[in-house]
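Notes for the structure review
Now for the letters of each chain:
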Amino acid sequence: MKAWRVHELGEPRDVLRFEEIDDPAAGPGQLLVRMLAAPANFPDVLLCRGKYQVRPPLPFTPGVELCGEVISVGENVTRFSVGDRVIGNPNLPLGAFAERTVMDEVNAFPAPASLDDASASALFIGYQTAWFALHRRTRLLEGETLLVHAAAGGVGSAAVQLGKAAGARVIGVVGGPEKAEYCRKLGADLVIDRHTDDFVPLVKEFTGGKGADVVFDPVGGDAYTGSTKCIAFEGRIVIIGFAGGTIPTPGLNHALIKNYSIIGLHWGLYKERNRAVIEECHTELAALAESGAIAPLVSERLSLSELADGIARLGEGTTVGRVVFEP
């Protein structure tokens, strides 16, 4: 079968190779799946660079989520059968960017029937992360104002849709007119292009001086610093990651003076500490998808052979929305 592999760490365009490798097999408690669609995620860029929290042995195949068709099951598998369509995490070092891969049964979930393969593949990590941020680590309430940074990206776009589904007013901050238009399609009430406008005064104006009740921040750096200037009394800033490349060093006295909370989210820890909540989250997301309240907007559907360029563009920040690869 064909698979993309990384033999040495570096930039995706330089290190990803499309190769013929042996077919994998499902072990006990595992599913062998045919890849139907796999989205690009920023962790895939970090995996290529060797800067992700997980560092699989070389050579490895990146790709942290997919939609796949079960083609065989290992011993003790009880939840899935051959022919089922599933979404979830494959098992590194053989990730999603291959014609076939292996998943642990516990990391696989039924794909919502209302979504096609590409959309279903993008419903997992980004939407799970946003759901945990908005409904587990903090409690976004109806009528509150949610400020989402990188609102046209994978997790940001999910946060915009989940914020609207929760009845919040959503402000999306993006970089560039194309991303701004995409964010409007997601349903954001106010879209701010950080390339042309300072989001701080616009957030204050939109909220009548109150500020944002919840900030969803996967960027860090200046995005975090600006958020502390327009956070509401008893507001919550949820830290998702540092895609901007700079990890803030917050002044805790400022959080004390303004009465706001700084909250961290590492979604992967729930797989180790409280897996049942991931099941609960999937059930809620599937119901929202079936009702039409959320639906991943796939901006590019690329062939598997175009993967290296797609992952590279994601790392360079030039992609808009969800880029999905299909065999």
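Heads up: the structure comes first, above all this text.
Residues numbered from 1 in each chain as written. Predicted model: local features only at pLDDT ≥ 70, side-chain atom pairs only at ≥ 80, totals over all residues. Heavy atoms only, no water.

This next bit is on the overall build of the protein chain. Secondary structure summary: the protein chain contains 12 helices and 15 strands in total. The C-alpha radius of gyration computed for the protein chain amounts to 20 Å, which stays within 12% of the reference 20 Å derived for 327 residues, consistent with globular compactness. Seen along its three principal axes, the alpha-carbon backbone of the protein chain occupies a region of about 60 × 40 × 35 Å. In the protein chain, buried positions account for 54% of the 327 residues. (Helix = DSSP H or I, 4+ residues; strand = E, 2+ residues; numbered from the N terminus. Rg over C-alpha atoms; globule rule 2.2 N^0.38 Å. Buried < 20%, exposed > 50% of the residue type's maximum accessible area, 1.4 Å probe, protein only.)

This part covers the pattern of salt bridges. Throughout the structure, instances matching the rule amount to 17 salt bridges. Note that Glu316 and Arg13 form a salt bridge whose closest N and O atoms lie 2.5 Å from each other. Placement of Glu316 in helix 12 (residues 307-316) and of Arg13 in helix 1 (residues 12-15) is noted, with a sequence separation of 303 residues between them. With relative accessibility at 48%, the residue Glu316 sits in the partly exposed group. With a closest N to O distance of 3.8 Å, Arg301 and Glu326 form a salt bridge. With Arg301 in strand 14 (residues 298-303) and Glu326 in strand 15 (residues 322-326), this pair connects stretches of sequence that are 25 residues apart. Arg301 sits in the partly exposed class, given a relative accessible area of 44%. Look at Glu326 and you get partly exposed, because its relative accessible area is 23%. When salt bridges with common partners are traced through the structure, they connect Arg13, Glu300, Asp309, Arg313 and Glu316 into a single cluster. (Salt bridge = Lys/Arg side-chain N within 4 Å of Asp/Glu carboxyl O.)

Here the focus is helix 11 (residues 275-291). An ideal rise of 1.5 Å per residue puts 24 Å on 17 residues; helix 11 measures up with 25 Å between its terminal C-alpha atoms. Among the residues of helix 11, those classed as buried are Val277, Ile278, Cys281, His282, Leu285, Ala286 and Ala289. Packing partners of the buried residues in helix 11 comprise strand 5 (85-88), strand 7 (108-110), helix 4 (125-137), helix 5 (154-165) and helix 10 (269-273). Backbone geometry just after helix 11 places Gly292 at a positive phi near 90°. (Expected span 1.5 Å × (residues − 1). Contact = heavy atoms within 4.5 Å.)

What follows covers the environment of Ser119. Mapped onto the fold, Ser119 is located in helix 3 (residues 117-121). Classification of Ser119 by relative accessible area gives buried; the value is 10%. Considered as a pair, Ser119 and Pro39 are 80 residues apart in the sequence and their alpha carbons are 8.9 Å apart. Those residues within four positions of Ser119 in sequence are excluded, and the remaining contacts are Pro296, Val298 and Arg301.

Before going further, it helps to spend a moment on the environment of Val170. One can find Val170 in strand 9 (residues 169-174). On the basis of relative accessible area, Val170 is assigned to the buried category, the value being 0%. For the pair Val170 and Val214, spaced 44 residues apart in sequence, the C-alpha to C-alpha distance is 9.7 Å. Residues contacting Val170, with those up to four places away along its chain left out, are Leu146, Val148, Val160, Gly163, Lys164, Ala188, Asp189 and Leu190.

With that settled, the discussion passes to the pairing of strand 4 (residues 66-73). Pairing geometry for strand 3 (residues 30-39) and strand 4, over 6 bridges, is antiparallel. From the neighbouring strand, Ala37 faces strand 4, where its bridge partner is Cys67. (Pairing = 2+ DSSP bridges.)

Another aspect to go through is the sheet that holds strand 10 (residues 190-193). What the 6 strands build is an open sheet, ordered 10-9-8-11-12-13; its pairing is parallel. Only two strands of the sheet have a single partner each, and these edge strands are strand 10 and strand 13 (261-264). The mean inter-strand angle of the sheet, taken between neighbouring strand axes irrespective of direction, is 20°. As paired elements, strand 8 (residues 145-149) and strand 11 (residues 212-217) share 3 bridges and run parallel to each other. Counterpart to Leu146 in the pairing with strand 11 is Val214. In this fold helix 5 packs onto strand 8, strand 9 and strand 11, with an angle of close to 170° to the strand it touches most, strand 8. (Axes fitted to C-alpha atoms, helices over the stretch in contact; angles between N-to-C directions.)

Moving on to the packing of aromatic side chains. Tallying each qualifying case throughout the model produces 6 aromatic pairs. Taking 5.3 Å as the distance between ring centres and 35° as the angle between the ring planes, the aromatic pair formed by Phe109 and Phe124 counts as tilted. Separated by 15 residues along the polypeptide, Phe109 in strand 7 and Phe124 in the loop between helix 3 and helix 4 bring together distant segments of the chain. Pair check on accessibility: Phe109 and Phe124 agree, each one buried. Pairing Phe132 with Tyr270 gives two aromatic rings, centres 4.4 Å apart and planes at 45°, and the pair type is tilted. Of the two residues, Phe132 is situated in helix 4 and Tyr270 in helix 10; the sequence distance between them amounts to 138 residues. The exposure class of Phe132 is buried, given its relative accessible area of 0%. With relative accessibility at 14%, the residue Tyr270 sits in the buried group. Ring pairs connect the aromatic residues Phe109, Phe124 and Trp267, which therefore count as one cluster. (Phe/Tyr/Trp six-rings, centres within 6.5 Å; stacked < 30°, edge-to-face > 60°.)

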